[in-house]
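Geometric and topological summary
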Protein chains: 2
Amino acid sequence: MKNLEYIDLKYKPKQWDVVAKFFVEPNDISLKKACEHIAAESSIGTWTDIATMNPRIARKLKPKVFSIDHKTNEVKIAYPMELFEPGNMPQIYSAIAGNIFGMSAVKYLRLQDIGFPKKILDSFKGPKFGIKGVRKLLRVKKRPLIGTIVKPKVGLRPKQHANVAYDSWLGGLDIVKDDENLASMSFNSFEKRIPATLRKRDRAERETGEKKMYMANVTAPVSEMLKRAKLVKENGGEYVMIDILTCGWSALQELRDADLGMVIHAHRAGHAALTKIPVHGISMLTIAKTARLIGVDQIHIGAIFGKMFEKEKEVKMTGEEIESQIITPKKGQHLLEQKWFNVPPVFAVCSGGLYPGRVPPLIDVMGNNIIIQAGGGTHGHPQGTYSGAKAMRQAVEASLQGIKLEEYADLHLELKQALDRWGK
Amino acid sequence: MKNLEYIDLKYKPKQWDVVAKFFVEPNDISLKKACEHIAAESSIGTWTDIATMNPRIARKLKPKVFSIDHKTNEVKIAYPMELFEPGNMPQIYSAIAGNIFGMSAVKYLRLQDIGFPKKILDSFKGPKFGIKGVRKLLRVKKRPLIGTIVKPKVGLRPKQHANVAYDSWLGGLDIVKDDENLASMSFNSFEKRIPATLRKRDRAERETGEKKMYMANVTAPVSEMLKRAKLVKENGGEYVMIDILTCGWSALQELRDADLGMVIHAHRAGHAALTKIPVHGISMLTIAKTARLIGVDQIHIGAIFGKMFEKEKEVKMTGEEIESQIITPKKGQHLLEQKWFNVPPVFAVCSGGLYPGRVPPLIDVMGNNIIIQAGGGTHGHPQGTYSGAKAMRQAVEASLQGIKLEEYADLHLELKQALDRWGK
């Protein structure tokens with residue numbers, strides 16, 4: 001490695017380079033030396049000089065560490081496109097987010113962002129629906145979409161599950177989602193739950209005159225996942241939900257490539273094992289970008305005001321990243337430039353500990369292009385699910401009209417009851 | 001949640017419970033309270049009491065926090081089987097290693113171990129070959145298997161790749177593996193590399209009279225992965241390698257379920273984003289157990305003396321876990337009991353910065369049932385790959401005969417040259 005010299009602070013990334021930004025805490029070596037190790041391990045290096053190396057390879061495939069900030073320990077590396085297989089996300093992660101975390105050369109290491117060039121973008125299918133397609137399906141032009149998760153997370157039988165979903169839709173919610181813990185269980189098989197719930201959806205659509213969606217959790221080994229997705233389609237469903245991290249990139253690509261014509265909702269169970277420690281792992285921004293690129297239509301990114309740990313700045317930045325076409329870094333905001341070219345924007349899903357009182361500040365920060373999900377905040381309403389759903393819808397309507405919730409609650413009983421229970 | 005009371009320190013786990021051990025660093029609440037949140041989020045709770053809960057569900061599906069160590073912050077939770085879908089590893093992870101990491105109730109959280117009951121074990125295929133099957137294929141009864149990774153990691157053309165592999169086999173190595181960064185690249189397509197390399201393998205077998213193996217990296221989106229695995233088989237290959245974490249559990253299950261009759265080698269690129277911080281994420285032990293259960297035949301677990309961060313205690317414990325039939329916890333060793341029943345033991349792969357001088361201490365600690373891989377430690381030999389392979393084989397032979405390397409090197413030039421270059 002010592003003869004390869006990966007650091008080139010004068011280098012300007014080419015438009016076809018893959019660029020990564022890392023936080024690096026070296027382990028008893030200099031930051032510069034640690035950067036050399038990181039660049040080497042993701043490309044053509046190993047820990048010792050080898051006889052099988054040649055100048056052609058070094059010239060063509062050597063990454064460039066082109067920015068080192070000794071104050072923040074943040075560094076940027078540009079990798080030649082040829083180090084990656086277009087259309088193969090597992091390979092891209094194995095290279096750029098693989099062995100490097102385990103090297104003893106670094107104490108902590110965090111992949112903060114990846115900038116993808118057009119050739120990589122073009123090699124993935126990308127979202128089929130995105131924000132525009134989902135809004136068209138739901139016939140909701142501007143307001144945030146509102147959803148719930150059937151609760152308790154697991155335990156309801158298929159009919160009970162369908163009834164809770166029905167009450168939620170009838171109360172005014174657009175979307176009902178399976179909990180991420182719920183797949184096909186002894187007490188609630190997928191084969192029974194899907195038709196039962198979708199029949200209730202049809203009824204809710206007839207009774208409300210609104211479009212209603214059911215996000216069926218197809219998280220499973222790939223063949224079973226695709227079988228389940230097809231069952232949803234056969235029963236008239238428009239949506240599947242997949243846990244993108246516990247399934248993995250390879251399965252997610254497969255689901256997208258199957259091109260079943262259904263919206264893909266990305267849950268992110270387990271993400272915080274990777275994302276929570278600020279100095280180590282992989283940022284949620286990176287995970288969300290990757291999911292958008294592969295082709296999910298909506299993805300959980302945090303709730304800011306809920307039970308999850310993420311704070312406003314991070315959630316907002318991730319939200320902007322997945323719903324914009326061009327990202328330009330500014331001081332303290334956004335890390336790498338990203339032109340998204342033909343990859344459509346996708347919905348940020350805010351979920352986890354939300355209730356009516358938290359709707360206005362959430363919309364204030366995140367804007368209208370979000371899906372607001374409240375599980376406990378719907379079914380925990382003192383009068384039950386139907387009233388809870390009404391209260392959530394009322395909170396969104398009040399926000400859009402710029403009316404304070406307390407004021408709106410004067411004429412909206414369900415909202416008043418929710419505010420009484422959980423506060424503002 | 002407050003009405004559910006998940007803590008029951010008198011509870012004795014049933015043999016059909018799933019048991020998990022966590023390290024928990026609460027975030028401004030008591031350890032007990034944090035445990036309640038963890039148990040709730042993986043089962044039937046949410047952050048507020050809900051109308052849709054009922055006593056049948058609470059009685060049947062409530063996990064029990066049955067052990068809390070206030071000195072070490074380690075806790076154990078027993079979950080009823082019904083919370084999990086047998087045979088669906090993504091669901092099991094979404095439940096037991098999902099949202100919990102992201103709750104603001106915990107500052108840090110580490111899943112240290114999962115104890116799987118027989119019903120879960122029986123629901124996965126498990127390893128087809130395992131240690132016994134691989135040894136039979138290779139006709140190597142007792143000694144550690146010796147392998148290399150073709151280096152540089154990427155950049156060689158298919159013929160060059162095949163020649164490096166050939167030199168390695170001829171020098172005495174059993175196994176040659178693709179680098180994890182190498183999939184199907186512009187300069188080295190999978191379709192050209194596989195036949196070229198397997199032809200050289202045949203030649204090496206004829207010339208040495210030994211069985212030789214080539215581990216082809218099939219890491220890719222699932223359809224492509226299976227297509228590539230079949231190409232390997234058509235060309236007479238017996239092995240595939242998959243990056244289990246960047247592909248994901250869903251794809252790994254699919255590869256195993258395809259039952260192609262090939263040995264599955266599990267690389268673990270990216271694991272340390274999850275495993276490296278001692279107080280957070282998921283332990284390598286847990287990942288290795290999961291991989292064995294799904295059915296890999298060999299898995300990377302660290303090198304102790306190499307360039308990766310893991311130390312002796314952890315690597316040894318993981319090694320014992322995957323090559324034993326019954327695991328009994330002892331003070332400071334092993335965390336949870338695990339009876340493996342019919343799931344065969346699998347090979348621990350030690351790789352990353354190894355060279356001949358590090359072979360004897362590695363075998364001392366890990367025993368003979370390991371695969372020792374040296375990439376740089378083979379191709380970095382002063383006389384090149386062939387001599388490097390000879391030196392590695394000589395180091396293993398010396399260890400098995402209980403002869404010191406320096407002494408053995410008197411009559412083995414290649415070993416001597418390796419010791420001169422890298423020391424002992």
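What you are looking at is a predicted structure, and each value in this text was computed from that prediction instead of being measured.

1. Some points on the overall build of chain A
- When its secondary structure is counted, chain A shows 18 helices and 15 strands.
- For 424 residues, the compact-globule estimate of 2.2 N^0.38 gives 22 Å, and the C-alpha radius of gyration of chain A, at 23 Å, lies within 12% of that figure.
- Along the longest, intermediate and shortest principal axes, the C-alpha atoms of chain A span 75 × 45 × 35 Å.
- The buried share of chain A, reckoned over its 424 residues, is 68%.
- By sequence separation, contacts in chain A at least 24 residues apart represent 74% of the contacts at least 6 residues apart.

2. Observations concerning the layout of surface pockets
Residues and elements named next belong to chain B.
- Taken as a whole, the largest pocket encloses approximately 590 Å³ of empty space.
- Gln112, Lys313, Glu314, Met317 and Leu335 are the residues nearest the centre of the largest pocket, which is lined by 23 residues in total.
- Elements that contribute at least two residues to the lining of the largest pocket include exactly β3 (74–79), β4 (106–115) and α13 (312–323).
- With four residues, α13 is the largest single contributor of residues to the lining of the largest pocket.
- Tallied by class, the residues present in the lining of the largest pocket amount to five nonpolar, seven polar and eleven charged.
- Here the lining of the largest pocket gathers at least three residues from each of two domains, domain 1 (18–122) and domain 2 (130–422).

3. Regarding the domain arrangement of chain A
Residue and element names in this part refer to chain A.
- With domains assigned, chain A is organised as domain 1 (18–122) and domain 2 (130–422).
- Relative to domain 2, the C-alpha centre of domain 1 lies at a distance of 34 Å.
- Buried surface at the junction of domain 1 and domain 2, both sides included, amounts to about 2200 Å², of which 62% is carbon and sulfur.
- The largest per-residue losses of area from domain 1 upon contact with domain 2 belong to Arg110, Asp113 and Leu121, which jointly make up 30% of the total buried on that side.
- For the pair domain 1 and domain 2, the interface holds one salt bridge.
- Remark: the boundary between domain 1 and domain 2 carries 19 residue pairs in polar contact (both at pLDDT 80 or more).
- Broken down by secondary-structure element, the contributors of at least two residues to the side of domain 1 that touches domain 2 are β1 (18–26), α3 (89–96), β4 (106–115) and α4 (118–122).

4. A look at the environment of A:Val359
Residue and element names in this part refer to chain A.
- Tracing the chain through its elements places Val359 in helix α14 (residues 359–366).
- Sequence separation of Val359 and Ala398 is 39 residues, and the distance between their C-alpha atoms is 9.4 Å.
- Beyond its immediate stretch of four places on either side in the chain, Val359 contacts Ile372, Met392, Ala395, Val396 and Ser399.

5. Concerning the relation of the copies chain A and chain B
- Relative to chain B, chain A is turned by 180° and slid 0.0 Å along the rotation axis, the superposed coordinates differing by an RMSD of 0.0 Å. Such a turn and shift between the copies fits a two-fold axis. Across chain A, the rotation axis passes nearest the C-alpha of A:Gly248, at a separation of 1.9 Å.
- In this assembly, 100% of the residues forming the interface of chain A have copies in chain B that are likewise at the interface, indicating an isologous arrangement.

6. Some remarks on the packing of aromatic side chains
- With the rule as written, the count across this model stands at ten aromatic pairs over all chains.
- Note on A:Trp47 and B:Tyr355: the rings are 5.4 Å apart at their centroids and 40° apart in plane angle, and the pair reads as tilted. Taken together, the residues span two chains, with A:Trp47 in the loop between α1 (31–41) and α2 (55–61) and B:Tyr355 in the loop between β14 (347–351) and α14 (359–366).
- Judged by its relative accessible area of 26%, A:Trp47 is partly exposed.
- Relative accessible area serves as the criterion here: at 8%, B:Tyr355 is assigned to the buried category.
- Here the aromatic cluster, defined as three or more aromatic residues joined through ring pairs, consists of A:Trp47, B:Tyr355 and B:Trp422.
- The ring of B:Tyr166 has B:Lys200 sitting right over it, with the charged end atom 5.1 Å from the ring centre.
- Here the basic side chain of B:Arg292 rests over the ring of B:Trp340, its NZ or CZ set 3.9 Å away from the ring centre.

7. Notes on the pairing of strand β2 (residues 64–69) of chain B
All names here are of chain B.
- In terms of strand pairing, β2 meets β3 through five bridges, oriented antiparallel. Within β3, the residue paired with Asp69 across the bridge is Glu74.
- The antiparallel hairpin formed by β2 and β3 contains four residues in its connecting segment, where Asn73 sits at a positive phi of about 60°.

8. Quick look at helix α5 (residues 130–138) of chain A
- A:Gly130, A:Ile131, A:Gly133, A:Val134, A:Arg135 and A:Leu138 are the residues of α5(A) that are buried.
- At the C-terminal side of α5(A), A:Arg139 shows a positive phi close to 55°.

9. Concerning the packing of helix α3 (residues 89–96) of chain B against helix α10 (residues 249–257) of chain B
Residues and elements named next belong to chain B.
- The contact between α3 and α10 brings their axes to 8 Å, and the two run at 155°. Judged by the angle between their axes, α3 and α10 are roughly antiparallel. Here α3 and α10 pass one another in a crossing that is right-handed. Note on element contacts: α10 touches α3 through Trp249, Ser250 and Gln253, opposite Met89, Pro90 and Tyr93.

10. A few points about the side chain of A:Thr52
- Structurally, the position occupied by A:Thr52 is in the loop between α1 and α2.
- Within the local environment of A:Thr52, its side chain forms a polar contact with the backbone oxygen of B:Lys151, the two atoms lying 2.6 Å apart.
- If sequence neighbours within four positions are ignored, A:Thr52 has contacts with B:Lys151, B:Pro152, B:Leu156, B:Val164, B:His379 and B:Thr385.

11. Digging into the sheet that holds strand β6 (residues 175–177) of chain A
Residues and elements named next belong to chain A.
- Spatial strand order, β5-β6-β7-β8-β9-β11-β14-β15: eight strands in a closed barrel with parallel pairing. Sheet twist, expressed as the mean angle between neighbouring strand axes with direction ignored, is 25°.
- Of the pairings in the sheet, the one linking strand β7 (residues 213–217) to strand β8 (residues 239–243) comprises two bridges and is parallel in character. If you follow Asn217 over to β8, its bridge partner there is Met241.

12. So, the confidence of the model for chain A
- Averaged over chain A, the pLDDT score is 96; the fraction of residues at 70 or greater is 99%.
- Scored by ipTM, the complex comes to 0.97, with pTM at 0.97.

13. Concerning unusual backbone geometry
- Going from A:Lys151 to A:Pro152, the amide bond is cis rather than trans, its omega being 0°.
- Mapped onto the elements, A:Pro152 comes out in the loop between β5 (145–149) and α6 (158–171).
- The backbone of B:His334 sits at a positive phi, close to 50°, despite the residue not being glycine.
- Residue position: B:His334 is located in the loop between β12 (326–327) and β13 (338–339).
- On the basis of relative accessible area, B:His334 is assigned to the buried category, the value being 9%.

14. With respect to the side chain of A:Thr275
- By the secondary structure assignment, A:Thr275 is in helix α11 (residues 271–275).
- Contacts of A:Thr275, omitting those with residues within four sequence positions, involve A:Arg110, A:Ile282, A:Ser283, A:Met284, A:Ile287 and A:Phe309.

15. Some details on empty space enclosed by the protein
- Counted by the stated rule, this structure contains seven cavities of 30 Å³ or more.
- What the largest cavity holds in volume is close to 400 Å³.
- Lining the largest cavity are 27 residues, and of these A:Leu245, A:Leu274, B:Leu245, B:Thr246 and B:Leu274 sit closest to its centre.
- Elements supplying a minimum of two residues to the lining of the largest cavity: α9 (244–247) and α11 of chain A together with α9 (244–247) and α11 (271–275) of chain B.
- When grouped by side-chain class, the residues that make up the lining of the largest cavity number 20 nonpolar, seven polar and no charged.

16. Details of the interface of chain A and chain B
- Contact with chain A, which involves 95 residues of that partner, is made by 95 residues of chain B.
- For the pair chain A and chain B, the two sides together bury roughly 7300 Å², of which 55% comes from carbon and sulfur.
- B:Arg228 serves as the salt-bridge partner of A:Glu85, at 2.6 Å between the closest nitrogen and oxygen.
- Remark: the boundary between chain A and chain B carries 64 residue pairs in polar contact (both at pLDDT 80 or more).
- When grouped by side-chain class, the residues that make up the side of chain A that touches chain B number 42 nonpolar, 37 polar and 16 charged.

What counts and how
- Residues numbered from 1 in each chain as written.
- Chains lettered and ligands numbered in written order.
- Predicted model: local features only at pLDDT ≥ 70, side-chain atom pairs only at ≥ 80, totals over all residues.
- Heavy atoms only, no water.
- Helix = DSSP H or I, 4+ residues; strand = E, 2+ residues; numbered from the N terminus.
- Rg over C-alpha atoms; globule rule 2.2 N^0.38 Å.
- Buried < 20%, exposed > 50% of the residue type's maximum accessible area, 1.4 Å probe, protein only.
- Contact = heavy atoms within 4.5 Å.
- 1 Å grid on protein atoms, 1.4 Å probe; cavity = no way out; pocket = protein on both sides within 12 Å on 5 of 7 lines; lining within 4 Å.
- Points joined across faces, edges and corners; volume = space filled by probe spheres on them.
- Nonpolar A, V, L, I, M, F, W, Y, C, P; charged D, E, K, R; others polar.
- Domains from an automatic or database assignment.
- Buried area = accessible area lost by both parts, 1.4 Å probe.
- Salt bridge = Lys/Arg side-chain N within 4 Å of Asp/Glu carboxyl O.
- Polar contact = N/O pair within 3.5 Å; in protein donor to acceptor, adjacent residues only side chain to side chain.
- Least-squares fit on C-alpha atoms with pLDDT ≥ 70 in both.
- Phe/Tyr/Trp six-rings, centres within 6.5 Å; stacked < 30°, edge-to-face > 60°.
- Lys NZ or Arg CZ within 6 Å of the ring centre and 35° of its normal.
- Pairing = 2+ DSSP bridges.
- Axes fitted to C-alpha atoms, helices over the stretch in contact; angles between N-to-C directions.
- Parallel < 35°, antiparallel > 145°, perpendicular 65-115°, else oblique.
- Left-handed = near helix turned anticlockwise from the far one by under 90°.
- pLDDT = per-residue confidence, 0-100.

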